[in-house]
Amino acid sequence: MSDLRGADLGDVCRRSNADHDLSHLYAAVVSARVAERLGRGARPPGGGLRSNGDRLMTALVAYEEALERYGLPVPPAIRDELRLRRALP
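Nothing here was measured: the structure is a model prediction, and the numbers come from that model. (Residues numbered from 1 in each chain as written. Predicted model: local features only at pLDDT ≥ 70, side-chain atom pairs only at ≥ 80, totals over all residues. Heavy atoms only, no water.)

**Some details on the confidence of the model for the protein chain**
Part 1: When the pLDDT values of the protein chain are averaged, the result is 81; 73% of them are 70 or greater.
Part 2: Mean pLDDT per element in the protein chain: helix α1 (residues 7-14) is the minimum at 52, and helix α4 (residues 76-87) is the maximum at 94. (pLDDT = per-residue confidence, 0-100. Helix = DSSP H or I, 4+ residues; strand = E, 2+ residues; numbered from the N terminus.)

So this is what it looks like as structure tokens:
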């Protein structure tokens, strides 16, 4: 039986709310990117492609706003992707 009092649980307990929030928001960005990529291969009737793009845009904006709220810099790749997506009709 292993002793769980060491670094295994200690690291989890020391994570801040910002770490938890940002990791969940980034997971939403990754998930939305996967959905958009998969949606490009299969063109479903009814505009499913647009909703995947909207989902990704929403996830990126939420991640950007959270980073700014916690006083952290927005990575250039995220900032550039948002700028490009905002310019799309």
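**A short note on the environment of Glu81**
Part 1: Locating Glu81 in the fold gives a position in helix α4.
Part 2: With a relative accessible area of 18%, Glu81 lands in the buried category.
Part 3: Here the alpha-carbon distance between Glu81 and Met57, two residues 24 residues apart in the chain, equals 9.2 Å.
Part 4: Those residues within four positions of Glu81 in sequence are excluded, and the remaining contacts are Arg33, Leu56 and Leu60. (Buried < 20%, exposed > 50% of the residue type's maximum accessible area, 1.4 Å probe, protein only. Contact = heavy atoms within 4.5 Å.)

**Let's talk about the environment of Arg55**
Part 1: Tracing the sequence through the fold places Arg55 in helix α3 (residues 48-69).
Part 2: Taking the C-alpha atoms as reference points, Arg55 and Ser31, 24 residues apart in sequence, are found 9.5 Å from one another.
Part 3: Those residues in contact with Arg55 that sit more than four places away from it in its chain are Ser31, Ala32 and Ala35.

**Quick look at the nonpolar core**
Part 1: The biggest cluster of nonpolar side chains holds 14 residues, and the ones touching the most others in it are Val29, Leu60, Tyr63, Ile78 and Leu82.
Part 2: Residue assignment for this core shows that the elements contributing at least two residues are α2 (17-41), α3 and α4.
Part 3: Broken down by element, the residue count for this core peaks at eight residues, all from α3.
Part 4: Once residues within four sequence positions are removed from consideration, Val29 is found in contact with Leu56, Ala59, Leu60 and Tyr63. (Core = buried A, V, L, I, M, F, W, Y, C linked by side-chain atoms within 4.5 Å.)

**Some points on the side chain of Glu64**
Part 1: Among the structural elements, Glu64 can be located in helix α3.
Part 2: Accessibility expressed as a relative area gives 12% for Glu64, which makes it buried.
Part 3: The contact partners of Glu64, leaving out residues within four places of it in the chain, are Val74, Leu82 and Arg86.

**Details of the pattern of salt bridges**
Part 1: The tally for this structure, following the rule as stated, stands at five salt bridges.
Part 2: The partner of Arg85 in a salt bridge is Glu36, with the nearest N and O atoms 2.7 Å apart. Note that Arg85 is positioned in helix α4 and Glu36 in helix α2, a separation of 49 residues in sequence. Each of the two residues, Arg85 as well as Glu36, counts as buried.
Part 3: Connected through shared salt-bridge partners, Arg33, Glu36, Glu81 and Arg85 make up one network. (Salt bridge = Lys/Arg side-chain N within 4 Å of Asp/Glu carboxyl O.)

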